[in-house]
Amino acid sequence: MPTLIYGPGYGNYDFGDRHPFSPVRAEATLDLMRQLDIDAEPVIPEPATIDEVCSIHDREYVETVEALGTGEDVSDFERFGLGTADNPIAPGMGEGARHLVGGTLTGARRLMSGADERILQLGGGLHHAKRSFAAGFCVYNDLSIAIKDLVDHGMYVAYVDIDAHHCDGVQETFYSSEQVMTISLHESPEFLFPGTGWVHELGRGMGRGHHLNVPLDPFTRGAGYLRAFDAVVGPALSWFRPDVLVVQAGADGHATDPLADLMLTTADYEALFRRLIALTDQHAKGRMLVTLGGGYSLHAVARVWAILGLVLWDMPVPAKVPQAWLERWRPLLGDAPEELHDAALEAAPGQEEIESHNRQTTTRLLDAVAPLWI
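The rules we used
Residues numbered from 1 in each chain as written. Predicted model: local features only at pLDDT ≥ 70, side-chain atom pairs only at ≥ 80, totals over all residues. Heavy atoms only, no water. Helix = DSSP H or I, 4+ residues; strand = E, 2+ residues; numbered from the N terminus. Rg over C-alpha atoms; globule rule 2.2 N^0.38 Å. Buried < 20%, exposed > 50% of the residue type's maximum accessible area, 1.4 Å probe, protein only. Contact = heavy atoms within 4.5 Å. Areas by Shrake-Rupley, 256 points an atom, 1.4 Å probe, with all protein chains shown as cover. Lys, Arg positive; Asp, Glu negative; His and termini not counted. Charge placed at Lys NZ, Arg CZ, Asp CG, Glu CD.

### Some points on the overall build of the chain
For the chain, the helix and strand inventory stands at eleven helices and seven strands. At 19 Å, the chain has a C-alpha radius of gyration in line with the 21 Å of a compact globule built from 374 residues. The C-alpha extent of the chain, read off along each of the three principal axes, is 55 × 55 × 40 Å. Split into buried and exposed, the 374 residues of the chain put 61% on the buried side. Nonlocal contacts in the chain, meaning residues at least 24 apart in sequence, comprise 77% of its contacts between residues at least 6 apart. For the chain, the exposed surface amounts to about 14600 Å²; the carbon and sulfur share of it is 51%. Here the chain contributes 27 positively and 53 negatively charged side chains, and the mean placements of these two sets differ by 5 Å.

Written out as structure tokens, the structure reads:
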């Protein structure tokens, strides 16, 4: 039986009502999972300690984040990427971020102990945070901290990121590591933050060939996305042979997301989740830690992540969203779909050209890494 990790402290990571990275997204998802009868009492994690956060982040940066979160007067904080529209100063932001880090660390340690195999951490996924720089709504990089803990215990970690935005913080942290492989499928950095994640970014030194980026054209649909996923992820995991798979399951590739331009549906996400589980069983000894991530259409992320829960718990995906959930969240959802799966997307011009360009991108990536995998 999978394990669910979630704690009330996650709600402290809150940049305000107008900010898209809202804790309401996870709250609505957990409520929908319960309405769908997913029987999982969450493990409530302890927040990460300052020392645990400093395993990845510079201590001066961490001390600045913590001080700002408690209202202290701190000068020169802008050099850390703090106080911007993406990463505004918010009460309790350090503590809230440490709660999210604690959840992902708890999941990693439960995998290491053998207590669990499949884990859903209903939060985290802060993949943009750098060693001493906040970016893209991310203050502390829970993923890098947890992956480092796994690596420090001798494990080889494959990290797969399906967020619409490239996992620049995680990739940068492990760019020279032979124990970590990062695989990211994202909208092309030509059009989308953070401007990284090109095919040529393959790693450095012992990490060369361990970092695979699939930049996809805007308006890529599910069939093309899944073709790219199948072409890259399975062969990469077969070569790398990881001990564990860590997944960032951002849902901002959904067709209704306001901050990206991929065109996935909830059915496409279900297909992705089933592929990831099968690949984990085949290549990573069944050990899988999944976090959340981006996703800014509330009705889309709640349905996508609830489907993730259903797939992990090996339950059928019903047709309808429970009416009780729709009524409870109606003030925030607006005119939300009443089905878990979206209606089919209408035909759109330009798809053949998009498909052709994405196939060329995938081919260039595989040609680039082939000599490094011999």
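### A short note on the environment of Met1
Along the chain, Met1 turns up in the segment before β1 (3–5). Along the sequence, Met1 and Asp116 sit 115 residues apart, while their C-alpha atoms lie 8.1 Å from each other.

### Here's the deal with unusual backbone geometry
Residue Phe193 is joined to Pro194 through a cis peptide bond whose omega torsion reads 10°. With respect to the helices, strands and loops of the structure, Pro194 is situated in the loop between β4 (180–187) and β5 (211–216). Even without glycine at this site, Asp76 takes up a positive phi of about 60°. With respect to the secondary-structure elements, Asp76 resides in the loop between α3 (59–69) and α4 (93–113). Asp76 gets classed as partly exposed once you look at its relative accessible area, which sits at 45%.

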